[in-house]
Amino acid sequence: MEKRIPLPLFRITQDFQIVERSDQAEHTFQYTNDLLDIVDADSHDKLKAMLAHDVEQLDFELNLITKHSPLALYKAFIQKSGEEAFCLFVPIEEQYQLVQNQLTDMQNRLNDTNFQLFEKKEKFSKMVDRSNELSGPYIELSDNLGLLPVFGDLSEEKLVAIKDNVFKRAYVSQPERVLIDFTGVGNIQEEGVRELKDLILVFEQMGIHVVMIGLSPRHALHLKPYRNELQIDFAHSAKIAIKKWLIAEYL
Amino acid sequence: MQKTTETFVDALLKGDHAASLRIVQNQREHHSRFTIYNELITPAMHEIGMLWQQNKITVADEHLATAVCDFVLSQTEYDLVQHSDFQETTPKAMFFTVQDEYHYLGLKMVSILFREKDWNVKYYQSNLSIDHVMEQVETWKPAVIGLSFALAYRIEALTAYLKKFSELDYEPEILVGGRLMHQYDFSSIGPPNTTFIENLNELQTWFNKDKTIRRDDSDGKANTSSVI
Ligand code: B12
């Protein structure tokens, strides 16, 4: 056995008697003939169980007792050879120290972000969902005409939140036409436009015709790329649209 | 709760804060903190110890699981802290682990259970030097001092703390806990008012006893309680 390897290496018998050891092994551990003497009592069972495995080569963590520390974490590499085994021990304490410090920091931060904040965040996101839902109520103007006024900025989240309710209501009332009113819409986000396009396509699939009303020139610009793709009408204001479809219905 | 423990262990090892918290919050709807600590969280951490023994996880995994477990424990404490309202008469208790001892999860549970019972609690978590402890004890004068240790070789440190406590000019109740309580006979060490507590069931017994004594105290004479 090579004694000068720069790590503790032991050659042992089946009952843990040390036959040979590297210089580094002598340097690191108290001199003893029984390997178990340098293994922490709570690691004995693990070592025994591991060695009992029917494999030639294995590696696992073990706590050892060194000259400097009553408990030091090592990685053991075992190579069995007939009745004997070679045990190489690599210290890993230092590597862990780094991880441990980072984790302790993280832990402290998590505790600082106490539950109050956590709860507030939960409540807040529920409120946002709710407010998004409420930003697009579906209104049945008549049997044939639905109105979907959208309020606030047009975002993906908002459309996702209102879609569910809108489709359910539209499905039940089966109108011919839905007016999507943009009068109350502020900014439009690109992802919002994509969601809107999907919403319109679903309406089309349901056989419901979509009319966009109350669009400002700025809004129109955002929707322009989809104009040809979608079978939608544009009417300038709610007033005109309502006159055209609702009043016409009752005349 | 065994099935839940398995799922909980999984979530801890994955470092999944949200899932772990959800499991505990669901359990909280039907169970007390005591039951959750005793039947879910403690067994889960012990299972994690077993997995290390079986070479299925490493100490790094244990660190991650500990961080998540600690987070979850903090959350179970949160609603208590919000409503605590200490008066001068509230009994005081302080908790810490001995020097160089970083196993504190069990101690943390115990400190929360004291808080739940309306004790005025100071929880110092881990690694408190003797000098620091004595300074706190002498100025704050807690009625209960609770300490914990898990590393076998730290028993010397424990003995040193206990000796210091026996020199105090008042007699606080000393509670010593940790996984080693059943492995050693501690009866010869520590001042006479020291109790060694192996698990949460024993803590419950201590609470019950303590309640009777305190009621006796407020009645004026000891052992005159009408509680049967
Ligand atoms: C999780 C864990 C860790 C976590 C720490 C968790 C923490 N912050 O608390 C980390 C990963 C950081 C860790 C590190 C180490 N650990 Co460690 N760890 C464990 C493990 C797996 C579980 C411990 C646990 O959380 N138990 C759950 C709690 C709730 O149970 P409990 O502590 O028994 O507490 C209960 C009761 O005892 C009682 N109680 C406890 N305290 C008190 C106090 C009072 C006042 C009262 C009334 C009651 C009471 O109530 C509790 C509730 O049920 C154990 C294995 C095991 N089987 O215990 C090893 C173990 C304790 N660790 C061990 C070792 C060796 C180490 C390290 C040295 C490893 C290393 N080389 O890196 C370091 C040492 C760090 C240090 N200086 O303290 C060994 C100890 C061996 C020995 N000879 O003593 C063990 C036994 C593993 C093993 N088989 O080798 N560890």
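Residues numbered from 1 in each chain as written. Chains lettered and ligands numbered in written order. Predicted model: local features only at pLDDT ≥ 70, side-chain atom pairs only at ≥ 80, totals over all residues. Heavy atoms only, no water.

What follows covers the domain arrangement of chain A. Here the domain parsing of chain A yields domain 1 (9-92) and domain 2 (133-250). One C-alpha centre belongs to domain 1 of chain A, the other to domain 2 of chain A, and the line joining them spans 73 Å. (Domains from an automatic or database assignment.)

What follows deals with the domain arrangement of chain B. Frequently, the measure chosen for interface size is the accessible area removed from exposure when the parts meet. Residue and element names in this part refer to chain B. As far as domains go, chain B holds domain 1 (2-81) and domain 2 (92-219). The interface of domain 1 with domain 2 comprises 16 residues on the first partner and 11 residues on the second. Regarding the contact of domain 1 and domain 2, the summed buried area is about 1400 Å², with carbon and sulfur atoms giving 68% of it. Remark: the boundary between domain 1 and domain 2 carries 3 salt bridges. Across the pair E77 and R115 runs a salt bridge, and its minimum N-O distance is 2.2 Å. Viewed at the interface, domain 2 and domain 1 are joined by 6 residue pairs in polar contact (both at pLDDT 80 or more). Those elements that provide at least two residues to the side of domain 1 that touches domain 2 are α3 (33-53) and α4 (59-83). Here the side of domain 1 that touches domain 2 gets 9 residues from one element, more than from any other, and that element is α4. (Contact = heavy atoms within 4.5 Å. Buried area = accessible area lost by both parts, 1.4 Å probe. Salt bridge = Lys/Arg side-chain N within 4 Å of Asp/Glu carboxyl O. Polar contact = N/O pair within 3.5 Å; in protein donor to acceptor, adjacent residues only side chain to side chain. Helix = DSSP H or I, 4+ residues; strand = E, 2+ residues; numbered from the N terminus.)

Residue and element names in this part refer to chain B. Read from one edge to the other, the open sheet built from 5 strands follows the order β2-β1-β3-β4-β5, with strand pairing classed as parallel. Two strands close off the open sheet at either side, each with one partner strand: β2 (120-123) and β5 (194-197). Neighbouring strand axes in the sheet, compared pairwise and without regard to direction, differ in orientation by 20° on average. The sheet contact formed by strand β3 (residues 144-148) and strand β4 (residues 173-177) spans 5 bridges and is parallel. In the sheet register, L147 faces β4, and the bridge partner there is V176. Contacts from helix α6 (residues 130-140) reach β1 (92-97), β2 and β3 within the one sheet, and its direction differs from that of β1 by about 180°. (Pairing = 2+ DSSP bridges. Axes fitted to C-alpha atoms, helices over the stretch in contact; angles between N-to-C directions.)

Attention now goes to the packing of α6 of chain B against helix α7 (residues 155-166) of chain B. Residues and elements named next belong to chain B. Axis separation between α6 and α7 bottoms out at 11 Å; the angle between their running directions is 30°. In this view, α6 runs roughly parallel relative to α7, as classed from their interaxial angle. Here α6 runs over α7; the crossing is right-handed. Contacts from I130, V133, M134 and V137 of α6 reach α7 at A160, Y161, K164 and F165. (Parallel < 35°, antiparallel > 145°, perpendicular 65-115°, else oblique. Left-handed = near helix turned anticlockwise from the far one by under 90°.)

Take the coordination of the cobalt atom of the ligand next. Only one protein atom coordinates the cobalt atom of the ligand: H103 of chain B (NE2), located 2.2 Å from the metal. With respect to the secondary-structure elements, H103 of chain B resides in the loop between β1 and α5 (105-116). (Donors = N, O, S within 2.8 Å, 3.2 Å for Na, K, Ca; no water.)

Taking the UniProt record as the reference, the feature "domain: B12-binding" (unreviewed entry) is found at residues 90-210 of chain B. End C-alpha to end C-alpha, residues 90-210 of chain B measures 14 Å, and it is 38% helix and 20% strand. (UniProt positions renumbered as here; feature names shortened; annotations may be inferred.)

A few words on the site of the ligand. Residue and element names in this part refer to chain B. What surrounds the ligand is a group of 40 residues, the closest being Y102, H103, Y104, S148 and A152. With respect to the ligand, the side chain of Q53 contributes an N or O atom lying 3.2 Å from a nitrogen atom. Within the backbone of Y104, one N or O atom sits 2.7 Å away from an oxygen atom of the ligand. When residues of the shell around the ligand are traced back to their parent elements, those giving at least two are α3, α4, α5, β3, β4 and α8 (200-219). Per-element accounting of the shell around the ligand gives the leading share, 6 residues, to α3. The residue inventory of the shell around the ligand, partitioned by class, reads 19 nonpolar, 13 polar and 8 charged. (Near = heavy atom within 4 Å. Nonpolar A, V, L, I, M, F, W, Y, C, P; charged D, E, K, R; others polar.)

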